[in-house]
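The residues making up each chain are set out below.
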Number of protein chains: 2
Amino acid sequence: MVPSEIRALFAMVARPEVVSLAGGAPYVSALPLDAVGRMIGDLVAGKGAEVLQYGSAQGDERLREHICEVMALEGVQASADDVVVTVGAQQALDLITKIFVDPGDVVLAEAPSYVGALGTFASYQADVVHVPLDEGGLIPAALRETLARLRREGRRVKFLYTVPTFQNPAGVTLTTARRAQILEICAEYDVLVVEDNPYGLLGFDGDPMRALRADDSQRVIYLGSFSKTIASGLRVGWVLAPHAVRAKLVLAAESAILCPSNFSQLAVREYLATQPWREQIKGFRELYRARRDAMLDSLDQLMPDGCTWTRPAGGFFVWLTLPEGLDSKAMAPRAIAERVAYVPGTGFYADGTGHRHMRLSYCFPEPHRIREGVRRLAAVIEQEVRLRDTFGGTVAGNSVGVQAPGPDVV
Amino acid sequence: MVPSEIRALFAMVARPEVVSLAGGAPYVSALPLDAVGRMIGDLVAGKGAEVLQYGSAQGDERLREHICEVMALEGVQASADDVVVTVGAQQALDLITKIFVDPGDVVLAEAPSYVGALGTFASYQADVVHVPLDEGGLIPAALRETLARLRREGRRVKFLYTVPTFQNPAGVTLTTARRAQILEICAEYDVLVVEDNPYGLLGFDGDPMRALRADDSQRVIYLGSFSKTIASGLRVGWVLAPHAVRAKLVLAAESAILCPSNFSQLAVREYLATQPWREQIKGFRELYRARRDAMLDSLDQLMPDGCTWTRPAGGFFVWLTLPEGLDSKAMAPRAIAERVAYVPGTGFYADGTGHRHMRLSYCFPEPHRIREGVRRLAAVIEQEVRLRDTFGGTVAGNSVGVQAPGPDVV
C-alpha cells in the first residue's frame, strides 16, 4: 500500500463504528479522575517550585523508593539507588539497546515478541533471533538449542529480551518451573536477561507471579512501567539494573533527555504516597478480567473450525492463529471494511513470518463491543475460509503491516 | 578527584549557604502556581481519558499549532505538520544526532558551546570542531575558514550546531548582519544548521530577534523549548524540521520513547490556550533583567583587574574570562569552600580548553544573593591572583570538571 492508503486505513480504524481489537491502550477512564485531578492540582499549587523544575537524570529518589515497594509485590528486593526512572519502559529498552548492542550483535526474543522492542532493536541494527514460545511461555529447550547453535556459529549474543508474564502479544505466561530453567540456561551461556514486565500486577487469579529478577539480581535487567497499572499518558517507567549497568544508564539518559519530567514523576509519587493505588489496581484487574472473559467466551462460541487462540491469565492480549492458508495481513483491510480491527501477526516477528497470527486486545473496548468485534471478525474469517476453499489460498489484496510500534499497538 | 570527592563537592554546592551561580534552572516559583494548579486539576478531572492516555509519536496536534504561534513571534512561518514534540529540546538534539551522525563525522559548534549538546555529540562519537565566537556571536570568517579547511581535509561535516540568541554559556547574541552571512556560508558549503533557541523570548530589550529558521526553512532545523519560558519540569520541547527530516524524527522518537507525555503536553496546550502566557513571559523577562543587572553591576564594582565578561541582552548567562595564569577548574573547590559555585569553562569545549573561563548564571538566585555570590567570587579570584604572583601560576589542587550535562548546568 502507498502511504496515503495506509493513512486512509488508519483513519478508518479510528472511526467510532469500527471495533478496535488492535490497540494496547489501557482503559484510563476507570481511574478516579476527580480525585486524581484534585491531588495533582494541589500538588502543583503547593509544591510547584519542585514539580515544575528540572530533576536529576536518575529520577526522583522518593519515587524510586515507591517503585521498590511496587516491585516487592513480585518478590523483587531492590535498592532505590539501582532504579532509573525512564520515559515509559520504551525508553529503558532504547537506552539498554544503545548501551549493549553494536550493529550485527544478536538479541534473542520470543516468537512472537513486543513490536516496540523489535523496532528499537532494529534501530540499533541488532540481529533479532527468535525463540519459540507455547502456552507455558518461552520454551527452555528451544532457548538452549538456539544458544548452542549461535555459539557454534561464533555469534555474539547480547541479551535475551522477554516479557515473561501475560506476554505481549501472545498473552501467555512463563511457568514457574521454566523460570528457573531459563535463568540457568542464561547463566550457562553467560547471557543477560532483559525482563520487560508491564503487566505483572494485572493477573486475574491469585497473587502476582514472582519476577525473574527476584531470583537473579546480577543477570536480570528489569523493566517496569506505570503505563498499564496507573496511566500511560504520564510516561513513567523504570529500569532496575545491576550497579555498573545503572551508572551507564544514567549517563545515557542524561544525554538523551537530560532528566525525566518532575511533573509526571511527582504526580506518580504523590499518587503512590496518598491514594489507594493497590485497590485501584485491583479494580483494573477486575475490569480487564471481565473483558478477557467476554473475548474468550465469544471466541469459543463464534470462531470457525481451524482457529486456535491463547487463554491469558492476565494482561491485555489474546493471540489467535488462523486456519491454514489464511493471511492476517492480507485480510486486515477486509476486516476493517467489516468494522473490526486487529494487529496482524507479522509486526511481532523480525523474520517476516507471522502471517497466520493476529493479536486481539480486550483492554480498551467495553465487553459488549468486544463481543460484537469478535462476531464481525468470525464472519470475516469464515468468508476468507470460503475464498480459500474456492481459490486455494488467501486472495491477494491490499496489505498493511505494522511499520513502527505506535501507541495503537503497544 | 575520585567519585566520592566529586559527590561531596556537589553535595556542598546544594547547601543553602552556598550561592550557586552554576545552575541553569529557571525561576519557576515566579509562575502563578495557584492558577496553574487549578487549571491542571480541572484538566485532569475533565479530560482525564485523553490527558492520561498514550498520544501520537509526533505529539499533540493542537499543541503543535500553538507552538507555531510561539515561533511566529520570532518570524518563523511553519506548519504544525513539520513540528515534532520532544522531551525537552535535549531529546530533539539526541534524535537529530542519531539520525545524521556516524562515528567520526564532524559537527561544528561554537567555542564555547552548550555542554548538553557536546555530551550528546560525544555519545554518537561525533568529532566536534569548534568555531570561535565574540560579543557578536559566531564569527562568519572563522566559520568559512573552518569549512574550507575541513573540505580540503576531505572531512564530512554533518551540521553546524548553534545557539544564536542569548547563547549558553557565553550570553552573546548573533548580530542580524551575521545571521545572513552564516546562512550564506552554510548554503555555500551545503551544511545543515541546527538552531537551538531556548532563550529567544527572554530578551531584555525590544522585540525578539528574528530566528535563523525564519530566513531559511530548508537548511535550518529549529529546536525550541518551554523549559525556560514556562516550566522546565514539564519536559516539553520541540523540533521544527524540513519535511523529510521530520518523518525520520517521528520514527526515531517512536523507537526511543513511543510518544511524549500527554499529561505534560496537554498541560502546556491548555496553558497556552487559556492563560495569559505572553504576560507571564514578559514578567519572566523583567525578573531576569533585574538579576542580569545585579550581576553586571556587581561584576563591574568588584571584579579584580584582568577579568573580562560578556554583557548579555537576554537569557541566563554571563561568560567570565579570568586573568592569565588562572584556572577555573582548579579553582572551583576553593570557590565552593568560600560558598560560591560556578561552572568551569572546560565543560563547554570538546577540545580540552576553556580553563580560563567560567559560566555565571543569574537565573535562579535572587538579586541580593547574586551580589553576595559575585563578592565571594571576586575575593576568591583576588586570592588566586596573589597565589599566581607568588608561585607563578595556579597552584595545582583538587579539580572538578563537568562530566555530563546535568540539570545543574543546563
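What counts as what
Residues numbered from 1 in each chain as written. Chains lettered and ligands numbered in written order. Predicted model: local features only at pLDDT ≥ 70, side-chain atom pairs only at ≥ 80, totals over all residues. Heavy atoms only, no water. UniProt positions renumbered as here; feature names shortened; annotations may be inferred. Helix = DSSP H or I, 4+ residues; strand = E, 2+ residues; numbered from the N terminus. Buried < 20%, exposed > 50% of the residue type's maximum accessible area, 1.4 Å probe, protein only. Areas by Shrake-Rupley, 256 points an atom, 1.4 Å probe, with all protein chains shown as cover. Domains from an automatic or database assignment. Contact = heavy atoms within 4.5 Å. Buried area = accessible area lost by both parts, 1.4 Å probe. Salt bridge = Lys/Arg side-chain N within 4 Å of Asp/Glu carboxyl O. Polar contact = N/O pair within 3.5 Å; in protein donor to acceptor, adjacent residues only side chain to side chain. Nonpolar A, V, L, I, M, F, W, Y, C, P; charged D, E, K, R; others polar. Phe/Tyr/Trp six-rings, centres within 6.5 Å; stacked < 30°, edge-to-face > 60°. Lys NZ or Arg CZ within 6 Å of the ring centre and 35° of its normal. Disulfide = S-S within 2.5 Å. pLDDT = per-residue confidence, 0-100. Pairing = 2+ DSSP bridges. Axes fitted to C-alpha atoms, helices over the stretch in contact; angles between N-to-C directions. Least-squares fit on C-alpha atoms with pLDDT ≥ 70 in both. Expected span 1.5 Å × (residues − 1).

In the annotation of an unreviewed UniProt entry, the entry for chain A reads PLP-dependent aminotransferase family protein, and the organism field reads Actinomadura decatromicini. Listed in UniProt under the heading Sequence similarities (unreviewed entry), the comment for chain A reads: "Belongs to the class-I pyridoxal-phosphate-dependent aminotransferase family." Word for word, the UniProt comment on chain A under Cofactor (unreviewed entry) is "pyridoxal 5'-phosphate".

Undergrad: Account for the overall build of chain A, with residues named and values stated.
TA: Along the backbone of chain A there are 13 helices and 14 strands. With the C-alpha coordinates of chain A rotated into their principal frame, the extents come out at 65 × 60 × 45 Å. In chain A, which comprises 410 residues, the share counted as buried stands at 63%. Of the accessible surface of chain A, which amounts to about 14,600 Å², a share of 51% is contributed by carbon and sulfur atoms.

Undergrad: Any details on the domain arrangement of chain A? Residues and values, ideally.
TA: Residue and element names in this part refer to chain A. Each assigned domain of chain A is listed with its residue range as follows: domain 1 (5–29 + 279–388) and domain 2 (54–274). Placing the centre of domain 1 and that of domain 2 at their C-alpha centroids yields a distance of 26 Å. Every contact between the two is made by 28 residues of domain 1 and, on the other side, 28 residues of domain 2. Both faces considered, domain 1 and domain 2 share a buried interface measuring about 2,300 Å² in area, 63% of it formed by carbon and sulfur atoms. Area buried by domain 1 at its contact with domain 2 is led by Arg285, Phe317 and Phe348, which between them contribute 22% of it. The interface formed by domain 1 and domain 2 includes 0 salt bridges. Taken together, the connections running from domain 1 to domain 2 amount to 10 residue pairs in polar contact (both at pLDDT 80 or more).

Undergrad: Lay out the interface of chain B and chain A in plain terms, naming residues and giving numbers.
TA: Each side of the interface is counted separately: chain B has 59 residues, and chain A has 59 residues. For the pair chain B and chain A, the summed buried area comes to about 4,300 Å², and 65% of that belongs to carbon and sulfur atoms. For the chain B face of the interface with chain A, the top three residues by lost area are Leu52(B), Tyr54(B) and Phe263(B), together amounting to 16%. In this assembly, chain B and chain A are joined by 2 salt bridges. Seen at the junction of chain B and chain A, the total is 34 residue pairs in polar contact (both at pLDDT 80 or more). Of all the elements, helix α2 (residues 33–51) of chain B adds the most residues to the side of chain B that touches chain A, at 11 residues. Split into classes, the residues belonging to the side of chain B that touches chain A amount to 32 nonpolar, 21 polar and 6 charged.

Undergrad: How would you summarise the packing of aromatic side chains if you had to cite specific residues and measurements?
TA: For the structure shown, the criterion picks out 27 aromatic pairs over all chains. Here the aromatic cluster, defined as three or more aromatic residues joined through ring pairs, consists of Tyr199(A), Phe284(A), Tyr288(A), Phe316(A) and Phe317(A). One residue, Lys98(A), lies across the ring of Tyr124(B), its end atom 3.9 Å from the ring centre.

Undergrad: So what's going on with the pattern of salt bridges? Residues and values would help.
TA: All chains considered together, the criterion is met by 44 salt bridges over all chains. We note a salt bridge from Arg156(B) to Asp105(B), for which the minimum N-O separation is 3.0 Å. Placement of the pair is Arg156(B) in the loop between α6 (140–152) and β6 (157–162) and Asp105(B) in the loop between α4 (88–100) and β3 (106–111), with a sequence separation of 51 residues. By relative accessible area, Arg156(B) is classed as partly exposed at 47%. Residue Asp293(B) is joined to Arg292(B) by a salt bridge in which the shortest nitrogen-to-oxygen separation is 2.9 Å. By relative accessible area, which is 32% here, Asp293(B) ends up partly exposed. When salt bridges that share partners are traced, they join Asp102(A), Asp105(A), Arg156(A) and Lys158(A) into one network.

Undergrad: Lay out the state of the cysteines with the relevant residues and their values.
TA: Structurally, a disulfide amounts to a covalent bond that connects the sulfur atoms of two cysteines. Following the criterion strictly, the structure yields 0 disulfides over all chains and no others. Lacking any disulfide linkage, Cys363(A) is separated from the closest cysteine sulfur, that of Cys259(B), by 14 Å.

Undergrad: Outline the confidence of the model for chain A, listing residues and values.
TA: Taken residue by residue, chain A gives an average pLDDT of 94. The fraction at 70 or more is 93%. With pLDDT under 50 throughout, residues 396–405 of chain A is counted as low confidence; its partners more than four residues away or in other chains account for 28 contacts.

Undergrad: I'd like a rundown of the sheet that holds strand β14 (residues 357–361) of chain B, residues and numbers included.
TA: Strands belonging to one sheet form pairs held by backbone hydrogen bonds; the direction of such a pair is parallel or antiparallel. All names here are of chain B. The sheet built from 4 strands is open, its strands ordered β10-β11-β14-β13 with antiparallel pairing. Two strands lie at the open edges of the sheet, namely β10 (308–309) and β13 (343–344), each paired on one side alone. Examined bridge by bridge, β13 and β14 share 2 bridges and lie antiparallel to one another. By the bridge assignment for β14, proline 344 is matched with methionine 358. Across the sheet, helix α11 (residues 277–302) is in contact with β10, β11 (317–321) and β14; its angle to β11 comes to roughly 20°.

Undergrad: Could you give an account of the sheet that holds strand β14 (residues 357–361) of chain A, naming the residues involved and the relevant values?
TA: Residues and elements named next belong to chain A. Read across the sheet, 4 strands follow the order β10-β11-β14-β13 without closing on themselves; strand pairing throughout is antiparallel. With partners counted over all chains shown, the strands left at the sheet margins are β10 (308–309) and β13 (343–344), one partner each. Examined bridge by bridge, strand β11 (residues 317–321) and β14 share 5 bridges and lie antiparallel to one another. From the neighbouring strand, valine 318 faces β14, where its bridge partner is leucine 360. Most of the contacts of helix α11 (residues 277–302) go to β11, to which it runs at about 20°, and overall it touches β10, β11 and β14.

Undergrad: Kindly report on the side chain of Arg292(A), identifying the contributing residues and their values.
TA: Residues and elements named next belong to chain A. Position of arginine 292 among the secondary structure elements: in helix α11. In this structure the side chain of arginine 292 is engaged in a polar contact, spanning 2.9 Å, whose partner is the side chain of aspartate 293. Polar contacts involving the side chain of arginine 292 include one to the main-chain carbonyl oxygen of proline 312, which spans 2.7 Å. Sequence-distant contacts of arginine 292, that is, excluding residues within four places in its chain, are made with Phe204, Pro312, Ala313 and Tyr362.

Undergrad: An account of the relation of the copies chain B and chain A is needed here, citing residue identities and associated values.
TA: Of the two same-sequence chains, chain B is brought onto chain A (RMSD 0.0 Å, axial shift 0.0 Å) by a rotation of 180°. The transformation just described matches what one would write down for a two-fold rotation axis. The C-alpha atom lying nearest the rotation axis in chain B is that of Gly41(B); the distance is 2.0 Å. The overlap is high: 100% of the interface residues of chain B also sit at the interface in chain A, so the same surface is used on both sides.

Undergrad: Pulling in residues and values, what's your account of helix α3 (residues 61–72) of chain A?
TA: Residues and elements named next belong to chain A. Under the 1.5 Å per step criterion, the end-to-end length of α3 is 17 Å for 12 residues, consistent within 8% with the ideal 16 Å. Taken as a whole, α3 has its buried residues at Leu63, Arg64, His66, Ile67, Cys68, Val70 and Met71. Where α3 is buried, its residues meet β2 (83–86), β8 (220–225), β9 (237–240), α10 (262–274) and α11. At the N-terminal boundary of α3, the capping side chain belongs to aspartate 60, with an oxygen 3.3 Å from the backbone nitrogen of arginine 62.

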